[in-house]
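Here are the chains, one letter per residue:
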Amino acid sequence: MEKNKLKAVIFDLDGVITDSATYHYLAWKSLAGELGIPFDEQYNEKLKGVSRMESLELILQNGNASSQYTKEQKEALADKKNNLYKELIKQISPADILPGISSFLEELKANQIKIALASVSRNAPFILGQLCLDTMFDYVADAAAVPNAKPFPDIFLAGMSAFGLQPQNCVGVEDARTGIEAIHRAGMPAVGVGTPEEMQGAELVTTTQELCLDLILERLGMEI
C-alpha cells in the first residue's frame, strides 16, 4: 500500500512552539480579579485553544456575570485583557522556544516540508518575531480572518489551502483537545504534545523534545 507523502506540518503556537499560556493566564487572572470573579489555574484549563471572546464568556459565566455586560462592554474587557497580555509577552525571547522545536523546524526546512502556524492568537506574528522564528514559517494563518475558532477546522484548513495541499499530505501539531479535534475535522492526522490522557485521539502523542521527522513518518506511516 502506497504511503501518503508528508508535504506540510501545521503547528499550534501556545504549548507547542512556546509556552505563552502562562502570560494568557496572568492577564485573565488580573481581569477576573478586577471583576471580582474567581479564577485559578484549574479553571484556566477550560480556555485552552479557545478564542479571546469565548474565553471571556467562560470567565463571566463562572461569575454568573455574563448578562451584566453589553456586547460593547465585553469587547472592551477583551481588549483590556489583550493589552495586559501584549505587555507581558514583550518579555518573550528565543530562550522561550520549547525544547526540540528549533531543531525540528530546521529538519522540516532541510527536507522541503512546508511549515504553517495555525494559532487562534492574533498576537502570533508578534510572538514569532520575539522568538526569532518568523522566517521559519512559510505561512501564518490570520486568526482574525478565520470564521470559526477551534474545534472547527477552519484555521488548519487555511494552512492547507495556502499550500494547495490535500489533508492526507499534512500533519497538525497541537497541545489541546479542541486543537486535536480541529485537526481531525480538517481530515489530517494529529500529533499531540502532552500526556495520553490529555491528547486522546491523537495518532501520535509525544513531547516537543522527542518530536522529529523520523518519528512522525514511522508512527503515521508516511514518507517524504
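Here, the structure is the one placed above.
Throughout what follows, the structure given in this document is the object of discussion. Per chain, residue numbering runs from 1 following the sequence as it is written. Local features in a predicted model are, by the rule used here, given only for residues with pLDDT of at least 70; side-chain atom pairs are given and counted only at 80 or more, and totals for whole chains, interfaces and linings are based on all residues. The side-chain numbers reported here are obtained from all heavy atoms of the structure, hydrogens and water having been left aside.

**Some remarks on the side chain of Ser20**
Here is the rule: The secondary structure listing takes helices from DSSP runs of H or I that are at least 4 residues long and strands from runs of E that are at least 2 residues long, numbered from the N terminus. A 1.4 Å probe rolled over the protein chains alone gives each residue an accessible area, and that area as a share of the maximum for its type sets the label: buried under 20%, exposed over 50%, partly exposed in between. Whether two residues touch is decided by their heavy atoms; if any such pair falls within 4.5 Å, the residues are in contact.
Summarising the element assignment, Ser20 is placed in the loop between strand 2 (8–11) and helix 1 (21–35). You can call Ser20 buried: its relative accessible area is 0%. For Ser20, the contacting residues outside a window of four places in its chain are Asp14, Tyr85, Ile92 and Ile127.

**Re the environment of Gln200**
Note that Gln200 resides in the loop between strand 6 (190–193) and strand 7 (204–206). A relative accessible area of 56% places Gln200 in the exposed class.

**Details of the nonpolar core**
Most often, soluble globular proteins have nonpolar side chains that are buried together. Our working rule: Residues belong to one nonpolar core when they are buried, are Ala, Val, Leu, Ile, Met, Phe, Trp, Tyr or Cys, and are joined through side-chain atoms within 4.5 Å.
Counting residues in hydrophobic clusters, the biggest one holds 38 residues, and the most contacted among them are Leu6, Phe11, Ile17, Leu133, Phe137 and Ile216. Contributions of two or more residues to this core are made by strand 2, helix 1, helix 5 (101–110), strand 3 (114–117), helix 6 (124–130), strand 5 (170–174), strand 6 and helix 9 (213–220). Apart from residues lying up to four places away in sequence, Phe137 is in contact with Phe11, Ile17, Leu105, Ile115, Ala116, Leu117 and Leu128. Counting residues in hydrophobic clusters, the runner-up holds 21 residues, among them Met160, Leu165, Ile180 and Ala190.

**Regarding the sheet that holds strand 7**
Selection criterion: Here the rule is simple: two strands pair whenever DSSP picks up at least two bridges between them. A fitted line through C-alpha atoms represents every axis, and for helices the fit uses only the stretch in contact; the resulting angles, taken between N-to-C directions, go from 0 to 180 degrees.
In spatial order, the strands read 4-3-2-5-6-7; together these six strands make up an open sheet with parallel pairing. Strands at the two margins of the open sheet, each flanked by one partner only, are strand 4 (139–140) and strand 7. Pairing of strand 2 with strand 5 involves four bridges; the strand directions are parallel. Residue pairing across strands places Val9 opposite Val171, the latter belonging to strand 5. Where helix 9 meets the sheet, it contacts strand 5, strand 6 and strand 7, and its direction lies at approximately 150 degrees from that of strand 7.

**Considering the packing of helix 3 (residues 52–62) against helix 4 (residues 71–88)**
In plain terms, the rule: Just so you know how the angles are binned, under 35 degrees is roughly parallel, over 145 roughly antiparallel, 65 to 115 roughly perpendicular, and the rest oblique.
The contact between helix 3 and helix 4 brings their axes to 10 Å, and the two run at 105 degrees. One element, helix 3, and the other, helix 4, form an angle in the roughly perpendicular class. Note on element contacts: helix 4 touches helix 3 through Lys74, Glu75, Leu77, Ala78, Asp79 and Asn82, opposite Arg52, Met53, Leu56, Glu57 and Leu60.

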